[in-house]
Amino acid sequence: MARHHEVQDVMEQMSYGLYIVGSRSGDDADGMMADWVTQVSFEPRLVALAFENDARTLENIRAARVFSINLLSQDEAGMALAAKFAQPYYDAKIGGRTALAARVHNKLDQIPHTLSPGGCPVLDGALAWIECEAEQFVAAGDHTLVIARVRDAGKLREGEPLTSSYTGWSYSG
Ligand SMILES: Cc1cc2nc3c(=O)[nH]c(=O)nc-3n(C[C@H](O)[C@H](O)[C@H](O)COP(=O)(O)O)c2cc1C
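**A word on the overall build of the chain**
When its secondary structure is counted, the chain shows five helices and nine strands. Along the chain, helices (α) and strands (β) appear in the sequence α-β-β-β-β-α-β-α-α-β-β-β-β-α when read from the amino end. Among the 173 residues that make up the chain, the fraction classed as buried is 30%. In the chain, once contacts between residues fewer than 6 apart in sequence are set aside, the share between residues at least 24 apart is 66%.

**As for helix α2 (residues 56–64)**
Of all the positions in α2, only Arg-56, Thr-57, Leu-58, Asn-60 and Ile-61 are classed as buried. Looking at the buried side of α2, the elements it contacts are β1 (19–25), β2 (28–34), β4 (46–52), β5 (66–71), β8 (128–140) and β9 (143–155). Just downstream of α2, Arg-65 is the residue with a positive phi angle, here 70°.

**Focus on the sheet that holds β2**
Spatial strand order, β2-β1-β5-β8-β9-β4-β3: seven strands in an open sheet with antiparallel pairing. This sheet does not close on itself; its edge strands, each paired only once, are β2 and β3 (37–41). The sheet shows a mean angle of 35° between the axes of neighbouring strands, taken without regard to direction. Two elements, β5 and β8, share six bridges in a ladder whose sense is antiparallel. Pairing of Asn-70 across the sheet is with Trp-129, part of β8. Of the strands in this sheet, β1, β2, β4, β5, β8 and β9 are in contact with α2, which crosses β1 at around 55°.

**Describing the environment of Tyr-171**
The topology assignment puts Tyr-171 in the segment after α5 (164–167). Between the C-alpha atom of Tyr-171 and that of Trp-36, which follows or precedes it by 135 residues, the distance is 8.4 Å.

**Some words on helix α3 (residues 76–83)**
Gly-78, Leu-81 and Ala-82 are the residues of α3 that are buried. Buried residues along α3 cover an arc of 100° about the axis, so they all sit on one side. In this structure, α3 carries Glu-76, Ala-80 and Ala-83 as exposed residues pointing more than 90 degrees from its buried face. Structurally, α3 contributes buried residues whose contacts are with β1, β2, β7 (121–123) and α5.

**Topic: the nonpolar core**
Of all hydrophobic cores here, the largest spans 31 residues; its most connected members are Tyr-19, Ile-20, Val-21, Met-32, Met-33, Leu-72 and Ala-82. In terms of residues, this core owes the most to one element, β5, which gives four residues. In this view, Met-32 contacts Ile-20, Val-21, Ala-55, Thr-57 and Phe-85; residues no more than four positions away in its chain are not counted.

**Describing unusual backbone geometry**
The linkage connecting Glu-43 with the following residue, Pro-44, adopts the cis geometry, with an omega of 0°. By the element assignment, Pro-44 lies in the loop between β3 and β4. Phi at Arg-65 is positive, roughly 70°, even though this residue is not glycine. Structurally, Arg-65 can be placed in the loop between α2 and β5.

**Side note on the pairing of β9**
Pairing geometry for β4 and β9, over seven bridges, is antiparallel. Opposite Ala-50, over in β9, you have Leu-145 as the bridge partner. Here β8 pairs with β9 via twelve bridges, running antiparallel. The partner of Cys-132 across the bridge, within β9, is Val-150. Connecting the antiparallel pair β8 and β9 is a turn made up of two residues, with Gly-141 showing a positive phi of about 60°.

About the criteria used
- Residues numbered from 1 in each chain as written.
- Predicted model: local features only at pLDDT ≥ 70, side-chain atom pairs only at ≥ 80, totals over all residues.
- Helix = DSSP H or I, 4+ residues; strand = E, 2+ residues; numbered from the N terminus.
- Buried ≥ 20, exposed ≤ 12 C-beta atoms within 10 Å, placed from the backbone.
- Contact = placed C-beta atoms within 7 Å.
- Pairing = 2+ DSSP bridges.
- Axes fitted to C-alpha atoms, helices over the stretch in contact; angles between N-to-C directions.
- Arc of directions from axis to C-beta.
- Core = buried A, V, L, I, M, F, W, Y, C linked by C-beta atoms within 7 Å.

In structure tokens:
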């Protein structure tokens, strides 16, 4: 048991970038906080992201294939923007009463954004964005690994990108 805690402690010390993944289902766009995001190949340029099996974002990506990754700034503004994406699209995902279970949160409604060439959300407050096209879906325990090709990217402003060590928010263990 002690060992289990040690494993969790060490896992929580791993550091990640903190991103907002943008996806869409028709005209309905969604944004999701994610830190299990990394480049995995130079040529072709591939990235891999791990999604909870029941994330709305994963559902959107399975259908549309295209999605965006927003890089936020490592400061109070970047952290405040990230915090707006902490809740899931489906209330049912966080449990609770049946009446609430049907509710959904359009997290992007109040957040100024445009769309990438492929139609995925690019936050006005972001530092930069990457547009990707999903190529493989790999089952990985309680997550699904999406391996995707980088199709396009854009820089909105200079700045240091947000990381989990700056926010202190943990998604590991
Ligand atoms: C700091 C932090 C990092 C997160 N990283 C991930 C991640 O890498 N993959 C994931 O599936 N969920 C991650 N989550 C949880 C999702 O943001 C959360 O499940 C989200 O509500 C799913 O949204 P959706 O259902 O609208 O797609 C993270 C949450 C936090 C607070």
